[in-house]
Structure formats: C-alpha cells, structure tokens
Amino acid sequence: QVQLAESGGGLVQPGGSLTLSCAADGFAFSFYPMRWYRQAPGKERELAAFITFNGDGTTYADSVKGRFTISRDNAKKTVYLQMNMLKPEDTAVYFCNVVFAGMDYWGKGTLVTASS
C-alpha cells in the first residue's frame, strides 16, 4: 500500500532554514508527480510546492516562491522541501502528497514552527 513518511520538522528562528524529507513506498515513485502541502493552525490545507515525476518542472505558492525549493531523488524514493528565510507565517504542519489510482494519499505530517 502507498506509504508516505515526512520528517525534518522542528522549531526554527525566523530567518532560519529547514529541510523536510518525505520517504515514499508502495508505488512506482519515479512515475508520479509529488506535492508538499501545509496546514497552519485554524486554516485550510494549502498547496505549497509541486514537482513533476522526473523533477524537471516545479511550481510554488506565491507565499513561498523564492524561499522554498522542492526536489526529489527517485533512486531513494524521497521528495524534499528546502525552506529558507522562514517566517512566523510558515508555521504549519507540512504534508507530502501523491495522487495514485485517482486517490489522494498523505503522510502524517511534520510540524514546522518558525518562532523566536
């Protein structure tokens, strides 16, 4: 079955950096686009970043463009989110996502807190 496991979250000061990882299993990872979503307290889940199956195309929410970078290693079946210049408003639970056989699959998420 499809499994997604996020890691790398934590507490960071505003202006700092973190790199999130999402390890995937249970599907042919190298054939599927991947997404990072985030959900801040009291808000709807929003798409933060997207990457094509082979990594040659990426898109970002306006709120993270220029600060976040999504990448993937198909040999390791892992997708990453490098987050720089973090702001308090980036505080959220971050989830990776894949659409497989017409269904959305999610990991359990990893909490990122940008606070002094």
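Please read all numbers here as calculations on a predicted model, not as lab measurements. (Residues numbered from 1 in each chain as written. Predicted model: local features only at pLDDT ≥ 70, side-chain atom pairs only at ≥ 80, totals over all residues. Heavy atoms only, no water.)

Moving on, we come to the state of the cysteines. Using the criterion set out here, one finds one disulfide in the structure. Between the sulfur atoms of Cys 22 and its disulfide partner Cys 96 the distance amounts to 1.9 Å. An S-S torsion of about 45° defines the bridge between Cys 22 and Cys 96 as right-handed. Here Cys 22 is found in strand β3 (residues 18–25), whereas its partner Cys 96 is found in strand β9 (residues 92–100), with 74 residues between them in sequence. Its relative accessible area of 0% is what places Cys 96 among the buried residues. (Disulfide = S-S within 2.5 Å. Helix = DSSP H or I, 4+ residues; strand = E, 2+ residues; numbered from the N terminus. Buried < 20%, exposed > 50% of the residue type's maximum accessible area, 1.4 Å probe, protein only.)

This part covers the pairing of strand β11 (residues 110–114). The alternating pattern of β11 places Thr 110, Val 112 and Ala 114 on a buried face, while none of Leu 111 and Thr 113, on the opposite face, is buried. As defined by bridge partners, strand β2 (residues 10–12) adjoins β11 across three bridges and the pair is classed as parallel. Bridge pairing in β11 links Leu 11 to Thr 113. In terms of strand pairing, β9 meets β11 through three bridges, oriented antiparallel. Looking across to β11, one finds that Tyr 94 is bridged to Thr 110. (Pairing = 2+ DSSP bridges.)

Let us look at the pattern of salt bridges. Overall, the coordinates contain five salt bridges when judged by the stated rule. The salt bridge partner of Asp 90 is Arg 67, with a shortest N-O separation of 2.7 Å. Pair noted here: Asp 90 is in the loop between β8 (78–83) and β9 and Arg 67 is in the loop between β6 (58–60) and β7 (68–73), with a separation of 23 residues, a long-range link. Residue Asp 90 shares its accessibility class with Arg 67, and that shared class is buried. One network of salt bridges, in which partners are shared, links Arg 38, Glu 46, Arg 67 and Asp 90. (Salt bridge = Lys/Arg side-chain N within 4 Å of Asp/Glu carboxyl O.)

With respect to the element layout, Thr 78 can be found in strand β8. Every residue in contact with Thr 78, bar those within four places of it in the chain, is listed here: Ser 21, Cys 22, Ala 23, Phe 29, Arg 72 and Asp 73. (Contact = heavy atoms within 4.5 Å.)

Note that every value here comes from positions in space, so none of it alone points to a role or purpose.
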